[in-house]
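Chain by chain, the residues run as shown.
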Amino acid sequence: MATTASEKKLLIAGEWVETGDWVDVRSPYSGEVVGRVAKAGSDDARRAVDAAEAAMREPLPAHKRAEILVRVAGHLGRRHEEVARTIAAEAGKPLKAARVEASRAMSTFTFAAVEARKLAGDMIPMDASQAGAGKLAFTQRRPIGVVGAISPFNFPLNLVAHKIAPALAAGCAVVLKPASQTPFSALLLAELMTDAELPPGWLNVLVGPASEIGDVLVEDERVRAITFTGSGEVGWKLAERAPRKRIKLELGNATPVIVEADADLEDVATRLAANAFSFAGQSCISVQRIYVQRAAYDELVSRFVPKVEALTLGDPLDEATDVGPLIDAGSRERVLEWIEEARTAGAVILTGGSLEGELLRPTVIANAAPELKVSCEEVFGPVCTIAPYDTLDDAIALANGTRYGLQAGIFTSNLRTALEAVERLEFGGVIVNEAPTFRADQMPYGGVKDSGNTREGPAYAVREFTEDRLVVIDL
Ligand code: NAP
């Protein structure tokens, strides 16, 4: 089905720029070319940083920033279907999920607008010490400087929104590098931002070789912060290479969920079937490891597996599709290898484990040893494991048995059990009686351990893009 994504230029200093070179973007489902986009190199990246720095020399007042952000939310609403179809076409995300992402981006911009208006420092109680008596002091929240933003393919609109909206709310200009596989959603958003009268230079968008553009963002001292969502391999290296910048990382997870026998098992089965396979598991908080108290194990399996088998595989642009393709053939092969490794080691494939055409069937694996990749690494595919446990101690040890720590979940009707899990699960977020895939855009979302070092959500991200300036006045 047609989308408007066909040929896009880069946005640098308020101009739509051709570079003479193009990158083709292909549908992960059909392999057809969705469109092409002008390809940037390091000179374009430097010009983008120049433009961002120049823009910040004439600061935008908070009320203007808030008005622009609200207008973008409005444009996203008016062009909602086009935006959703762009996401679906380039990322292979089923339309149902793409529409949710488009709506969430409206929410992200709306919350960021609120933050722009609220941004304020603190009064310091100076007479609280003898040294301070007779002085008035307060802090201002100042924009940190030019922000570099690097985003992944899996939420090509809303994860871009989570970077550029709070940066702008904080008064920072942005140089954005979206994923090469999914640049159109970001470029469409850039168009909506210019339609919302964002002045030139405040947002610059570059598509092209990641390391070339990344190197400019790392090496140019005018870029004071880099906000990155993607794999740990890339993210932690950026942090090592730029110790003087604020490098804010949102990385992967191998998301666990604990199901106690006192939970509502039908409700649990429904929520987990929906959240282990949405966007073919390519969400950093896709349900991946399900641990079930032994007394409820057989019943949960018997309720869960038929719901997984009832999911509809197919064309992401088809209204009925629940599960579409993985982003590329390499990812599909890798996930199949991980399934095969588990099977060879004695795990049992309860459903799936094979292809339907080019699509990987939703796969549920039992008896997977904890050291297998499917049990402790991030699968990023339509695969989950399910295993029984005897005590809550065992369940928590299994859930924590990963280098990741983004979100985890527990289903139980016992408040004390829930709070014990909250206390002991080593994750940035613990979700009770909902799938750990849950995210609303105002939440402080982020991980510990290998999953990152920050919290996103406009109210939290805006802090990362500002610095306190202390003002002391002798009275
Ligand atoms: P990725 O390969 O790390 O790519 C992410 C971004 O980094 C892309 O824009 C990519 O550009 C860029 N990049 C790659 N190499 C780079 C380099 N040397 N310097 C600068 N930038 C570079 O990750 P992905 O496969 O797109 O995304 C999947 C990962 O993201 C998963 O691990 C997932 O869990 C994680 N994720 C985390 C969150 C969260 O909020 N915590 C949310 C979503 C996804 P190119 O596309 O041009 O290669």
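Look above for the structure.
What you are looking at is a predicted structure, and each value in this text was computed from that prediction instead of being measured.

**Some words on the overall build of the protein chain**
Reasoning step 1: In terms of regular secondary structure, the protein chain is built from 15 helices and 24 strands.
Reasoning step 2: Computed over its C-alpha atoms, the radius of gyration of the protein chain comes to 23 Å, within 12% of the 23 Å expected for a compact globule of 475 residues.
Reasoning step 3: With the C-alpha coordinates aligned to their principal axes, the bounding extent of the protein chain is approximately 70 × 65 × 40 Å.
Reasoning step 4: Put simply, the protein chain has 475 residues, and 56% of those count as buried.
Reasoning step 5: Across the protein chain, the fraction of contacts at a sequence separation of at least 24, relative to all contacts at a separation of at least 6, is 73%.

**As for the pattern of salt bridges**
Reasoning step 1: Within the structure shown, the criterion is met by 41 salt bridges.
Reasoning step 2: With its nearest N and O atoms 3.0 Å apart, the salt bridge here joins Arg36 to Glu7. Of the two residues, Arg36 sits in strand S5 (residues 33–38) while Glu7 sits in strand S1 (residues 7–8), which places them 29 residues apart along the sequence.
Reasoning step 3: By relative accessible area, Arg36 is classed as partly exposed at 30%.
Reasoning step 4: For Glu7, a relative accessible area of 43% translates into the label partly exposed.
Reasoning step 5: Between Asp220 and Arg222 there is a salt bridge, with the nearest N and O atoms lying 2.8 Å from each other.
Reasoning step 6: Within this structure, Lys8, Arg79, Glu82, Glu191 and Asp195 form a network of salt bridges that share partners.

**Here we look at the packing of aromatic side chains**
Reasoning step 1: Taken as a whole and assessed by the stated rule, the structure comprises two aromatic pairs.
Reasoning step 2: Among the aromatic residues, those joined into a ring-pair cluster are Phe153, Phe279 and Phe380.
Reasoning step 3: For the cation-ring pair, Lys93 lies above Phe279, with the distance from its terminal atom to the ring centre recorded as 4.7 Å.
Reasoning step 4: One Lys or Arg, Arg334, reaches over the ring of Trp338 and ends 4.8 Å from the middle of that ring.

**Details of helix H1 (residues 42–56)**
Reasoning step 1: In this model, H1 (15 residues) spans 21 Å end to end at C-alpha, consistent with the 21 Å of a helix rising 1.5 Å per residue.
Reasoning step 2: Along H1, the residues classified as buried are Ser42, Asp44, Ala45, Ala48, Val49, Ala51, Ala52, Ala55 and Met56.

**Focus on the sheet that holds strand S7 (residues 135–143)**
Reasoning step 1: The strand order across the open sheet built from three strands is S6-S7-S24, with neighbouring strands paired in antiparallel fashion. The outermost strands of the open sheet, each flanked by one partner alone, are strand S6 (123–124) and strand S24 (466–474).
Reasoning step 2: Strand direction decides the pairing type here: S7 and S24, joined by nine bridges, are antiparallel. The partner of Gln140 across the bridge, within S24, is Arg469.

**Looking at the site of the ligand**
Reasoning step 1: Of all residues adjacent to the ligand, which total 27 residues, the nearest are Ser151, Ser180, Ser231, Leu251 and Glu378.
Reasoning step 2: Between the ligand and Ser151, the relevant distance is 2.7 Å, taken from an oxygen atom to a main-chain nitrogen or oxygen of the residue.
Reasoning step 3: Ser180 is positioned such that a nitrogen or oxygen atom in its side chain is 2.4 Å from an oxygen atom of the ligand.
Reasoning step 4: If you list the elements that add at least two residues to the shell around the ligand, you get helix H7 (210–219) and strand S11 (223–229).

**Quick word on a nonpolar patch on the surface**
Reasoning step 1: Among the surface-exposed residues, Met123, Leu136, Ile473 and Leu475 lie close enough to one another that they form a single nonpolar patch of about 400 Å² accessible area.
Reasoning step 2: Along the polypeptide, Leu475 turns up in the segment after S24.
Reasoning step 3: With relative accessibility at 72%, the residue Leu475 sits in the exposed group.

**Observations regarding the packing of helix H2 (residues 62–78) against helix H4 (residues 95–118)**
Reasoning step 1: One way to put it is that H2 packs onto H4 with a least axis distance of 8 Å and a crossing angle of 170°. One element, H2, and the other, H4, form an angle in the roughly antiparallel class. For the pair H2 and H4, contact is made by Ala62, His63, Arg65, Ala66, Glu67, Leu69, Val70, Val72, Ala73, Leu76 and Gly77 and by Ala105, Met106, Phe109, Thr110, Ala112, Ala113, Ala116 and Arg117, respectively.
Reasoning step 2: For the contact of H2 with H4, the class distribution of residues is 13 nonpolar, three polar and three charged.

So, how was this worked out
Residues numbered from 1 in each chain as written. Predicted model: local features only at pLDDT ≥ 70, side-chain atom pairs only at ≥ 80, totals over all residues. Heavy atoms only, no water. Helix = DSSP H or I, 4+ residues; strand = E, 2+ residues; numbered from the N terminus. Rg over C-alpha atoms; globule rule 2.2 N^0.38 Å. Buried < 20%, exposed > 50% of the residue type's maximum accessible area, 1.4 Å probe, protein only. Contact = heavy atoms within 4.5 Å. Salt bridge = Lys/Arg side-chain N within 4 Å of Asp/Glu carboxyl O. Phe/Tyr/Trp six-rings, centres within 6.5 Å; stacked < 30°, edge-to-face > 60°. Lys NZ or Arg CZ within 6 Å of the ring centre and 35° of its normal. Expected span 1.5 Å × (residues − 1). Pairing = 2+ DSSP bridges. Near = heavy atom within 4 Å. Polar contact = N/O pair within 3.5 Å; in protein donor to acceptor, adjacent residues only side chain to side chain. Patch = residues over 30% accessible without salt bridge, like charges linked within 9 Å, V, L, I, M, F, W, Y side chains within 5 Å. Areas by Shrake-Rupley, 256 points an atom, 1.4 Å probe, with all protein chains shown as cover. Axes fitted to C-alpha atoms, helices over the stretch in contact; angles between N-to-C directions. Parallel < 35°, antiparallel > 145°, perpendicular 65-115°, else oblique. Nonpolar A, V, L, I, M, F, W, Y, C, P; charged D, E, K, R; others polar.

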